[in-house]
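# Results of the structural survey
The primary structure of each chain is shown beneath.
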Amino acid sequence: MRKILLSTAMMLAFSACGDTDQVTQSPQTATSTDFASTLQEKLLDAKPGDIIEIPEGLHEFNRGLSLTVDGVTIRGAGQDKTILSFKNQIAGAEGLLVTANDFTLENIALEDSKGDLLKVNEGKNITIRGVRTEWTGGPKTENGAYGIYPVQCENVLIEDSIAIAASDAGIYVGQSKNIIVRHNLAEYNVAGIEIENSVGADVYNNTATKNTGGILVFNMPNLPQEGHSTRVFENEVFENNTKNFGHAGTPVASVPAGSGIVINSNDKVEVFNNSIRDNQTANIIISSVYSTGYNDLNKADGFDPYPEGIYIYGNHFEGGGNKPDGAELKGLKLLKFGPTGTLPDILWDGYIDQNKFVDGQPASNNRICVDNGDDVKVLNADGPNGYKNAGLADMADHSCALPKLAKAEFTP
Amino acid sequence: MLSVQSNNLVLANQSFVYDLNTPLFSDYAHKLRTIYTPDGEITSLNMDGDALDFPVGTIISKTFYYPKGANDNEVLKANYAVQNNDDSLPLNTVKLIESRILARRKDGWIALPYVWNDEQTEAILKRTGDVKRLTLVDDDKKTPFAYIVPNTNQCAGCHATNNTTREIVPIGPKIRHLKSLDLFDLGSVQEGLANNSDWQDDSLAVESRARAYLDINCSHCHNEVGPADTSGLHLTPGTPIGPHLGLCKTPIAAGTGTGNRKYGIVPGKPDDSIFVYRMNSDNPAVMMPELGRSLVHEEGVELITDWITSLNGDCSEG
């Protein structure tokens, strides 16, 4: 044949258009009777506005499911009644992968996928309600990473859901905007609930217990969006003492067992009116990615590794700090507080950006403010100096208030 | 565009066959790639970057096949051509698995998977995909595996290279991927057109071969607007060596995929690099790419291993 002339200018290559509709018509469409194919077919054929109801029962899948159609609701008969099991999965990095807007998943359980159970990648108006995600063998390193995992989403509501035994985070909202996480239970995960690189999140009325860390607010480098403005309030965060079973190298693998609420490198975080109890390393940890394996080569993006504008007030603390995880913290407790003593409620690794100091002090909006009664103390671990001068912080340095953050509001 | 005649799979008129310098790995399947234009031969094509802008009506097909083994479900690992001289496939020696179709309609491309029947007489649309239990025979080594035919959403999983627009686009037929540009009169567009390396060409620098391999196998997701932009890892050819290419980059949401390693690439240390660990796995929770293979591409792992070994520096913590 003749050579095809390539150009960058618009030109007509064809004199006529074909009847291309033929292409979509198969000579014969295969029919399948098993439920797995039927459900995937329903997901392929869904139209905006459809409600796909899945009946009560245990439904098994050997490949991951996916949905790409906007405006679809998937509804089961209850989080203990309709169970999608991926126990025998041979392919697919998720149980259910959604790349669509206006998506609702409710009253259903997803279990035992190889990778994540539910991932929603880049969707607007995402509602997860009354869902249970669980690895049924309990906390194990070989479990998939995330239970409920919206990433790069906008207007995310996760409520009345249960997340159990994820080897990373049970509920993980990453790189998203406008988020409400409420009335959920997260247990036996490495991280119960994690908000990462997200902007404008309200996390309230949740119960996080028996995780390695209860509720995490993190920022990681090299991502399109840095997070800020998260409110964590009126949660029950207790006994998060499960040994860390995460994979080394993941950000949560560095979370010590016995962590209640952890703020890592994130800015503008308000923690108030929570009940935080019996987390054996510390009820609250405030840290920088410098404490979690950050290295110089990662500085390329001008990432801000410092937690700034942290405001902790009105929480109820009880117990905790009595049996910290890791040799360094154990040694520190023994040295500073004695064999029967405890670490204080708030543990801070001490990393602070001195380049932003004003008159030798952190700028008022960058401070870590603690207004939680006289009994609540801060331990400065002195990370920047190799933990040499760790000790109780002067509470005068943390006696301040910050402007309160706006409520997360949207109509999903 | 393809039909079975006299025990051969033959191409329609107005089809042309193309090959890639470095192809996507698909469980050692061979691929017959054709472009078919029912309304007449293409005489000229507009370019969009280095992508060819095919006219409405164009059908791109990719037929996945293996040289037949001794038994029905045995297929051979073979690094030699098995097609006839006219690019048709001899069905007495070839096992056809599936033909994937990309069709250009007025409102964009659609992707459809067709699966060949056992008699090799007909390919049937399977929008929900399929699983074929095959055994790969490599001399006396036999490896059973589940060959996965993607469902139409999974077609988009790779072909929607922009996760915001989610528009389906061809991946292979781009100037940088084409093995030969003999088909084309490059006219005025020659300047600035880069061609990727042939990943198997030992005479070329290992870096250019590795980058070509990462480009075709990874960058449809791992680009700045792709589905894997959530990881901050961009494996497009233009990404400079640094954290976005994985160098000393900590993972974001890799889960099991870290294999207890801290960084994507540790220069000089392939065994400490998440890249090699994930490429070398067939566990769905670990492996990369997530879709499109059930087997490890040993030669691909070897190439990336060699490249990482050749890199200087270290990831010491600051």
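Small disclaimer: the values here were computed from a predicted structure and weren't measured.

### Re the overall build of chain A
In terms of regular secondary structure, chain A is built from two helices and 34 strands. Taken over C-alpha atoms, the radius of gyration comes to 24 Å for chain A, in line with the 22 Å a tight globule of 412 residues would show. Summarising its shape, the C-alpha atoms of chain A cover approximately 80 × 55 × 35 Å along the three principal directions. Taking all 412 residues of chain A together, 55% fall into the buried category. For chain A, the proportion of contacts with a sequence separation of at least 24, taken over those separated by at least 6, is 63%.

### Examining helix α1 (residues 152-159) of chain B
Most of α1(B) is tucked away, with eight of its eight residues classed as buried. When α1(B) is considered as a whole, its buried residues turn out to be T152(B), N153(B), Q154(B), C155(B), A156(B), G157(B), C158(B) and H159(B).

### Remarks on the pairing of strand β27 (residues 308-313) of chain A
Residues and elements named next belong to chain A. Across the six residues of β27, five count as buried, placing the element largely inside the fold. As paired strands, strand β24 (residues 267-272) and β27 are joined by five bridges and run parallel to one another. Looking at the pairing, F272 lines up with Y313 of β27. Sheet topology places β27 next to strand β32 (residues 368-371); four bridges connect them, and they run parallel. Within the sheet, the bridge partner assigned to Y311 lies in β32 and is C369.

### Digging into the packing of helix α2 (residues 206-218) of chain B against helix α4 (residues 298-310) of chain B
All names here are of chain B. Interaxial distance between α2 and α4 falls to 9 Å at its minimum, and their mutual angle equals 130 degrees. By the angle between their directions, the pair α2 and α4 is classed as oblique. Crossing hand, α2 versus α4: left-handed. Residues V206, E207, R209, A210 and Y213 of α2 form the contact with α4, whose participating residues are G300, L303, I304, D306, W307 and S310.

### Considering the environment of P267(B)
Residues and elements named next belong to chain B. Residue position: P267 is located in the loop between α2 and α3 (274-279). On the basis of neighbour counts, which here come to 20 C-beta atoms within 10 Å, the residue P267 falls in the buried class. Measuring from C-alpha to C-alpha, the distance between P267 and Y80 comes to 34 Å, with 187 residues separating the pair along the chain. Once residues within four sequence positions are removed from consideration, P267 is found in contact with L247, I308, L311, N312, G313 and D314.

### Concerning the confidence of the model for chain A
Confidence in the prediction of chain A, expressed as mean pLDDT, is 90, and 91% of residues score 70 or more. Taken as a whole, residues 9-33 of chain A scores under 50 in pLDDT and shows 35 contacts with residues more than four places along the chain or in a different chain.

### Section: the domain arrangement of chain B
All names here are of chain B. What the domain assignment reports for chain B is domain 1 (2-159) and domain 2 (206-310). In this structure, domain 1 and domain 2 have C-alpha centres spaced 26 Å apart. Taken together, the 19 residues of domain 1 in the interface contact 13 residues of domain 2. Of all the secondary-structure elements, those providing two or more residues to the side of domain 1 that touches domain 2 are β14 (141-149) and α1. Examining the composition of the side of domain 1 that touches domain 2, we find that five residues originate from one element, β14, more than from any other. Looking at the side of domain 1 that touches domain 2 residue by residue, the class counts come to 12 nonpolar, six polar and one charged.

### Overview of the environment of H159(B)
Residues and elements named next belong to chain B. Structurally, H159 is set in helix α1. Overall, H159 belongs to the buried group, with 20 C-beta atoms counted inside 10 Å. Considering only alpha carbons, one finds H159 and G226, 67 residues apart in sequence, at a separation of 10.0 Å. In this structure, H159 is in contact with A111, I168, V169 and I171, ignoring residues within four places of it in sequence.

### Examining the sheet that holds strand β17 (residues 191-196) of chain A
Residue and element names in this part refer to chain A. Strand order across the open sheet formed by 12 strands is β4-β7-β9-β11-β14-β17-β20-β23-β26-β29-β33-β34, with mixed pairing between neighbours. If you trace the sheet from one side to the other, it starts and ends with β4 (63-67) and β34 (391-392), each paired once. Here strand β9 (residues 116-121) pairs with strand β11 (residues 148-151) via four bridges, running parallel. Its bridge partner being in β11, K119 is matched across the sheet by Y149.

### What to know about the nonpolar core
Soluble globular proteins tend to bury their nonpolar side chains together. Within the largest apolar cluster, 138 residues are counted, with the highest numbers of intra-cluster contacts made by I148(A), I171(A), V181(A), I261(A), I284(A), I346(A) and I304(B). Sort the elements by how many residues they give to this core and α2(B) lands first, with six residues. For I304(B), the residues in contact, after removing those within four places along its chain, are A210(B), Y213(B), F275(B), V276(B) and M279(B). Ranked by size, the runner-up nonpolar core spans 39 residues in total, among them A91(A), A29(B), I60(B) and A123(B).

### Regarding the confidence of the model for chain B
For chain B, per-residue confidence averages 92 on the pLDDT scale, and 98% of positions sit at 70 or higher. Two summary scores accompany this predicted model of the complex, namely pTM at 0.92 and ipTM at 0.91.

### Some thoughts on the pairing of strand β21 (residues 228-233) of chain A
All names here are of chain A. Across five bridges, strand β18 (residues 199-204) lies against β21 in parallel orientation. Bridge assignment links Y204 to a residue of β21, and that residue is F233. The pairing of β21 with β24 spans five bridges and is parallel. Note that in β24 the partner of R231 across the bridge is E270.

### Some details on unusual backbone geometry
Omega for the bond connecting M288(B) with P289(B) falls within 30 degrees of zero, at -10 degrees, which places this linkage in the cis form. Within the fold, P289(B) resides in the loop between α3 and α4. Its identity is not glycine, yet N222(A) carries a phi of approximately 65 degrees, on the positive side. Tracing the backbone shows N222(A) in the loop between β20 (213-218) and β21. In this structure N222(A) comes out as buried when scored by C-beta crowding, with 20 C-beta atoms within 10 Å.

### Digging into the sheet that holds strand β8 (residues 74-76) of chain B
Residue and element names in this part refer to chain B. One open sheet holds the three strands; their spatial order is β8-β13-β14, and the pairing between them is mixed. The open sheet has two edge strands with one neighbour each: β8 and β14. Averaged over all pairs of adjacent strands, the angle between strand axes in this sheet comes to 40 degrees, irrespective of strand direction. Alignment of strand β13 (residues 130-138) against β14, held across nine bridges, turns out to be antiparallel. When the sheet's bridge partners are listed, K132 is paired in β14 with Y147.

### Things to note about the environment of I265(B)
All names here are of chain B. Within the secondary structure, I265 is located in the loop between α2 and α3. The exposure class assigned to I265 is buried, which follows from the 27 C-beta atoms found within 10 Å. Placed 129 residues apart in sequence, I265 and L136 show a C-alpha to C-alpha distance of 30 Å. What I265 contacts, discounting residues up to four positions off in sequence, is G246, L247, S273, F275 and I308.

Criteria and cut-off values
Residues numbered from 1 in each chain as written. Chains lettered and ligands numbered in written order. Predicted model: local features only at pLDDT ≥ 70, side-chain atom pairs only at ≥ 80, totals over all residues. Helix = DSSP H or I, 4+ residues; strand = E, 2+ residues; numbered from the N terminus. Rg over C-alpha atoms; globule rule 2.2 N^0.38 Å. Buried ≥ 20, exposed ≤ 12 C-beta atoms within 10 Å, placed from the backbone. Contact = placed C-beta atoms within 7 Å. Pairing = 2+ DSSP bridges. Axes fitted to C-alpha atoms, helices over the stretch in contact; angles between N-to-C directions. Parallel < 35°, antiparallel > 145°, perpendicular 65-115°, else oblique. Left-handed = near helix turned anticlockwise from the far one by under 90°. pLDDT = per-residue confidence, 0-100. Domains from an automatic or database assignment. Nonpolar A, V, L, I, M, F, W, Y, C, P; charged D, E, K, R; others polar. Core = buried A, V, L, I, M, F, W, Y, C linked by C-beta atoms within 7 Å.

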